[in-house]
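# Topology and contacts: notes
Residues per chain are reported as follows:
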Amino acid sequence: MPAGTLYRGREGMWSWVAHRVTGVLIFFFLFVHVLDTALVRVSPEAYDEVVATYKTPIVALLEYGLVAAILFHALNGLRVIAVDFWSKGPRYQKQMLWTVVGVWVVLMAGAVYPVLNHAARELFGS
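Residue positions are given per chain, counting from 1 as you read along its sequence in written order. For a predicted model such as this one, the threshold for reporting local features is a pLDDT of at least 70, and the threshold for listing and counting side-chain atom pairs is 80 or more; totals across whole chains, interfaces and linings nevertheless cover every residue. Only hydrogens and water are removed before side-chain values are computed, so all heavy atoms of the structure are retained for them.

## Some words on the nonpolar core
Nonpolar cores are built from buried Ala, Val, Leu, Ile, Met, Phe, Trp, Tyr and Cys residues. Side-chain atoms within 4.5 Å join them into one set. Burial classes follow relative accessibility: with a 1.4 Å probe on protein chains only, a residue under 20% of its type's maximum area counts as buried, one over 50% as exposed, and anything between as partly exposed. Core analysis: the biggest nonpolar cluster contains 12 residues, these being Ala60, Tyr64, Ala68, Leu71, Phe72, Leu75, Val100, Met108, Ala111, Val115, Leu116 and Ala119. Secondary structure elements are taken from DSSP: a helix is a run of H or I of four residues or more, a strand is a run of E of two residues or more, and numbering for both begins at the N terminus. Every element with two or more residues in this core is listed here: α3 (57-85) and α4 (93-124). Contacts are assigned to residue pairs that have any heavy atoms within 4.5 Å of one another. For valine 115, the residues in contact, after removing those within four places along its chain, are Ala60, Glu63, Tyr64 and Val67.

## Looking at the UniProt feature "transmembrane region" (unreviewed entry) in the protein
Mapped onto this numbering, the UniProt entry gives "transmembrane region" (unreviewed entry) at residues 21-42, 54-75 and 96-116. End C-alpha atoms of residues 21-42 are separated by 32 Å, and the span's content is 100% helix alongside 0% strand. Between the C-alpha atoms that bound residues 54-75 the distance is 27 Å, and the span itself is 86% helix and 0% strand. UniProt positions are given in the numbering used here, feature names are shortened, and annotations may be inferred rather than shown by experiment.

## Some thoughts on α4
Expected helix span is computed as 1.5 Å times (number of residues minus one). Under the 1.5 Å per step criterion, the end-to-end length of α4 is 43 Å for 32 residues, consistent within 8% with the ideal 46 Å. Bend at a given residue is defined as the angle between two axes, one fitted to the seven residues that end at that position and one fitted to the seven that begin there. At leucine 116, α4 shows its maximal kink, close to 60°. Among the residues of α4, those classed as buried are Gln93, Met96, Leu97, Val100, Met108, Ala111, Val115, Leu116, Asn117 and Ala119. Of the residues flanking the end of α4, it is glycine 125, one or two places downstream, whose phi is positive at about 85°.

## Brief notes about the environment of alanine 69
Within the secondary structure, alanine 69 sits in helix α3. Considered as a pair, alanine 69 and alanine 18 are 51 residues apart in the sequence and their alpha carbons are 8.8 Å apart. Alanine 69 has contacts with Thr22 and Ile26, leaving out every residue within four places of it along the chain.

This is the structure in structure tokens:
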């Protein structure tokens, strides 16, 4: 496969950027998660305060964003693997990218209620 085959065209460039950005966001979340979990050993009261802030609607939106990042990163990663290891992968990379985007949109639409239900009830009442 010639160099640059995977990311030809505008779509390929944006999928490359999105894959890197989502990877960095996931890494940042994991870093913060390890830190806040370690806080329980230092000060259980401080840990409880931090966890209480996680129950706010803004954090629920951030959580939805985290789900979006993880899901896109995983689906696009499978596409990259297919392009790299399937002999016809480079030929169908654009179609696979749009399939990834379509599956991602459908799954994110399905995640709205489970992830944002609590925040919506808090903002708008039950």
